[in-house]
Amino acid sequence: MNEKISLKRKANCFILNFLIYLAAGFVCLLLTGSIGYIIYRGVPYVTWDFLSTKPSLISETTGIFPNILNTLYIILMTLIVVLPLGVGSAVYLTEYAKNKKVVKIIELAAETLAGIPSIIYGLVGMLIFVQFCSLGTSLTAGALTLVIMTLPTIVRTTQESLKTVPQSYREGSLALGSGKWHMIRTVVLPSSIDGIVTGCILAIGRIVGESAALLFTAGMANEIIGISEFFKAGKAGSTLTVSLYMYAKERGEFEIAFAIASILLVLTFLINFLAKFAAKKLRKGKE
Amino acid sequence: MKILETAITNKLGKTTKQAKPVNMLEMIMNLIFTVCGLIAVVFVLLITAFLIVSGVPAIKEIGIIDFLTGDIWASTAETPLYGILPFIMTSVYGTLGAILIGVPIGLLCAVFLAEIAHKKIAGIVRSAVDLLAGIPSAVYGLIGMIIIVPAVREIFDLPDGANLFSAIIVLAIMILPSVISVSETAIKAVPKEYKEASLALGATKTETVFKVIVPAAKSGILTAVVLGIGRAIGEAMAVMMVAGNVANMPGLFKSVRFLTTAVASEMSYSSGLQREALFSIALVLFVFIMIINLVLNLIVKRNKR
């Protein structure tokens, strides 16, 4: 067979095949290379002191404890606000909306939100929450900005999961005389928990990695903020990613930046794994 | 089924309750869900309104032609000049460059995943790509700062490696994951018969891939390209760390400023007209993004048909 193919065709195939392998190899090399490099430069600096102190000239510590706390605060606050909104929105789209045009408009809006770059979120968040709502540069303003940003993620994953709930569940529930809300609360939402959890994990991933949207809304402070303080008044604070940017770009302290980067990598890895695991596990539980 | 059973028992337990308050509750919940449903639309309108309200005054004051086509940005000079053509051109060139490098590599990698690789290897590469997608942009910026910028400086013998070229490389790497995953989906969606027919006619596997499958997946790949454009043009932090951040007209080895970084770099210390001009830049960027979104929607719609 092969002898019938002309040499030129053979050569062409060979070159193209080679390019394919080259590209795939390049992508793998890129990933392993950059991860390896970050771990190599960063991990030696990750010590207990580094994780548990705040940056201070007096005690000569350069810890990232405040940034870890801030990241947790912002994740928590964003999820508390965005979950009801996003899930509610998805429920409306799949259970309540009757007008197809309205559904289309809402889906278009969600897609638009997903396409807006984070620097614009940062700017608009500053205009709306920091200035217009006069929250000041604070974690609250940052979290609210991220609410807008993560809404499409939650809506999409929840909606996809709601669509897989069998129609017969709904019919069965309604036939037994339950109201629509009762049906949603007891039948529809519990069966779509996988989508909601996956959405949450993806949203956390986006929040952890976000920097441009938080730079002008949540600020750059590195102070430890207690839980009570956090709920009382809007305090400024930088998350891990923002502080990575500040250390690398503004202060040129690359060792700290690499240490934070290696922590972020581990978190990203964990979140990716969890998202896949949750989707699989919960889907199995449903069946 | 278990869920249904609990639902039934719940319901049966409560049948003694009266009907009217339930209706009231239903109405309230209906209202709440409708409000939630419309919130995305409200957010989009809010963002648009705030950007227009804060972006238009400066454009009016500077003059739209001077603003868009002026090639000198000197916001802190004694007689300030606000021309954003350098930013626009940099964003366009930077995005084009990233697409030119990123799309061929991404496409080839997608072909590898969809057609050539063994299932197990494909799975591993795919999770590597997912991981690349999840890495924060500031981390990409850090790698760019430490590895790519010095490398570019050494290889091309420049005084400073922070330039458009470094930014293009970082952007090309950043758009890879979305290009790969979207093109892979498109390639996999090509009917099997196409491939079989081509192979039966005597084409080799590679010829089949490049002359039959890729052309058939053309529109899906186009989606990937437009998505990549959107990501590249909107990226701020990574670019800020590697592009040098000087408001030059773009040149491959010049320090440049993108639309995104123009907004971010002066925001913290700006005031007055300068600050308003920054909002105007954001408005221009927003218009770009909206156009890209529109194109993306049109392509996706056409694909569905």
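Here the structure is a predicted model, which is why all the values come from computation and not from measurement.

Our focus in this paragraph is the packing of helix H5 (residues 118-132) of chain A against helix H13 (residues 272-304) of chain B. Packed helix pairs are characterised by how far apart their axes lie and by the angle those axes make with each other. Two elements in contact, H5 of chain A and H13 of chain B, have axes whose closest approach is 10 Å; the angle formed by their N-to-C orientations is 130 degrees. One way to sum up the angle between H5 of chain A and H13 of chain B is to call them oblique. As H5 of chain A runs across H13 of chain B, the sense of the crossing is left-handed. Contact residues: Ile 119, Ile 120, Leu 123, Met 126, Leu 127 and Gln 131 of chain A in H5 of chain A; Arg 275, Phe 279, Ala 282, Leu 285 and Phe 286 of chain B in H13 of chain B. Partitioned by chemical class, the residues of the contact of H5 of chain A with H13 of chain B number nine nonpolar, one polar and one charged.

Further remarks concern the nonpolar core. One finds Leu 113 of chain A together with Ile 281 of chain B to be the most contacted residues of the largest nonpolar core, which totals 182 residues. Element by element, the count of residues in this core is highest for helix H7 (residues 164-188) of chain B, at 15 residues. Setting aside chain neighbours within four positions, we find Leu 113 of chain A in contact with Tyr 121, Ile 148, Leu 151 and Pro 152 of chain A together with Ala 40, Phe 43, Val 44 and Ile 47 of chain B. Grouped together as the second largest cluster of nonpolar side chains are six residues, Ile 233, Ile 289, Leu 296 and Ile 299 of chain B included.

Glancing now at the domain arrangement of chain A. Where the parts come together, the accessible area they lose is often given as the size of the interface. Residue and element names in this part refer to chain A. Segmentation of chain A into domains returns domain 1 (2-45) and domain 2 (48-286). One C-alpha centre belongs to domain 1, the other to domain 2, and the line joining them spans 35 Å. Listed per partner, the contact involves eight residues of domain 1 and eight residues of domain 2. The largest share of the area that domain 1 buries against domain 2 comes from Ile 38, Arg 41 and Tyr 45, three residues that together contribute 69% of it. Here domain 1 is connected to domain 2 by one salt bridge. A salt bridge links Glu 255 to Arg 41; the nearest nitrogen and oxygen atoms lie 3.2 Å apart. Where domain 1 touches domain 2, the interface holds one residue pair in polar contact (both at pLDDT 80 or more).

Residue and element names in this part refer to chain B. For chain B, the assigned domains read domain 1 (2-62) and domain 2 (85-304). Here domain 1 and domain 2 have C-alpha centroids that lie 36 Å from each other. Across the boundary between the two partners, domain 1 contributes 12 residues, which contact eight residues of domain 2. Regarding the contact of domain 1 and domain 2, the summed buried area is about 830 Å², with carbon and sulfur atoms giving 80% of it. On the domain 1 side of the contact with domain 2, Leu 51, Ser 54 and Ala 58 bury the most area, a combined 45% of that side's loss. Where domain 1 meets domain 2, there are zero salt bridges. Our enumeration of links across domain 1 and domain 2 arrives at one residue pair in polar contact (both at pLDDT 80 or more). Among the residues forming the side of domain 1 that touches domain 2, the class breakdown is eight nonpolar, three polar and one charged.

Here we take up the state of the cysteines. For the structure on display, the rule yields zero disulfides over all chains. Cysteine Cys 133 of chain A remains unbridged, with the sulfur of Cys 36 of chain B as its closest cysteine sulfur at 18 Å. Looking at the unpaired Cys 109 of chain B, the closest cysteine sulfur is the one in Cys 28 of chain A, lying at 6.7 Å. Accessibility expressed as a relative area gives 0% for Cys 109 of chain B, which makes it buried.

The next thing to look at is the packing of aromatic side chains. Tallied over the full model, the rule gives 11 aromatic pairs over all chains. An angle of 15 degrees between the planes, with centres 5.9 Å apart, marks the rings of Phe 273 of chain A and Phe 277 of chain A as stacked. Here Phe 273 of chain A and its partner Phe 277 of chain A are both found in helix H13 (residues 254-286), four residues apart, which amounts to about one turn of the helix. With relative accessibility at 44%, the residue Phe 277 of chain A sits in the partly exposed group. Considering the side-chain rings of Phe 156 of chain B and Phe 165 of chain B, the 5.3 Å spacing of their centres and the 80 degrees angle between planes classify their relative orientation as edge-to-face. One aromatic cluster in this structure is built from Tyr 96 and Trp 181 of chain A together with Phe 33 of chain B. Taking the ring centre of Tyr 96 of chain A as reference, the NZ or CZ of Lys 180 of chain A above it sits at 4.8 Å.

What follows concerns the interface of chain B and chain A. Each partner contributes residues to the interface: chain B has 79 residues there, and chain A has 85 residues. Roughly 7,300 Å² of surface becomes buried between chain B and chain A when both sides are summed, with 82% attributable to carbon and sulfur atoms. One salt bridge connects Glu 207 of chain B with Arg 9 of chain A, and the closest N-O pair in it is separated by 2.6 Å. One can count eight residue pairs in polar contact (both at pLDDT 80 or more) joining chain B with chain A. The biggest single contributor to the side of chain B that touches chain A is helix H2 (residues 20-62) of chain B, with 19 residues.

Residue and element names in this part refer to chain B. For the coordinates displayed, the defined rule picks out eight salt bridges over all chains. Between Lys 188 and Glu 184 there is a salt bridge whose closest N-O contact spans 3.1 Å. Here the residue Lys 188 and the residue Glu 184 both occupy positions in helix H7, the gap between them amounting to four residues, near one helical turn. Glu 184 gets classed as buried once you look at its relative accessible area, which sits at 6%. A single salt-bridge network, built from bridges that share partners, covers Arg 126, Glu 184 and Lys 188.

Conventions used here
- Residues numbered from 1 in each chain as written.
- Chains lettered and ligands numbered in written order.
- Predicted model: local features only at pLDDT ≥ 70, side-chain atom pairs only at ≥ 80, totals over all residues.
- Heavy atoms only, no water.
- Axes fitted to C-alpha atoms, helices over the stretch in contact; angles between N-to-C directions.
- Helix = DSSP H or I, 4+ residues; strand = E, 2+ residues; numbered from the N terminus.
- Parallel < 35°, antiparallel > 145°, perpendicular 65-115°, else oblique.
- Left-handed = near helix turned anticlockwise from the far one by under 90°.
- Contact = heavy atoms within 4.5 Å.
- Nonpolar A, V, L, I, M, F, W, Y, C, P; charged D, E, K, R; others polar.
- Core = buried A, V, L, I, M, F, W, Y, C linked by side-chain atoms within 4.5 Å.
- Buried < 20%, exposed > 50% of the residue type's maximum accessible area, 1.4 Å probe, protein only.
- Domains from an automatic or database assignment.
- Buried area = accessible area lost by both parts, 1.4 Å probe.
- Salt bridge = Lys/Arg side-chain N within 4 Å of Asp/Glu carboxyl O.
- Polar contact = N/O pair within 3.5 Å; in protein donor to acceptor, adjacent residues only side chain to side chain.
- Disulfide = S-S within 2.5 Å.
- Phe/Tyr/Trp six-rings, centres within 6.5 Å; stacked < 30°, edge-to-face > 60°.
- Lys NZ or Arg CZ within 6 Å of the ring centre and 35° of its normal.

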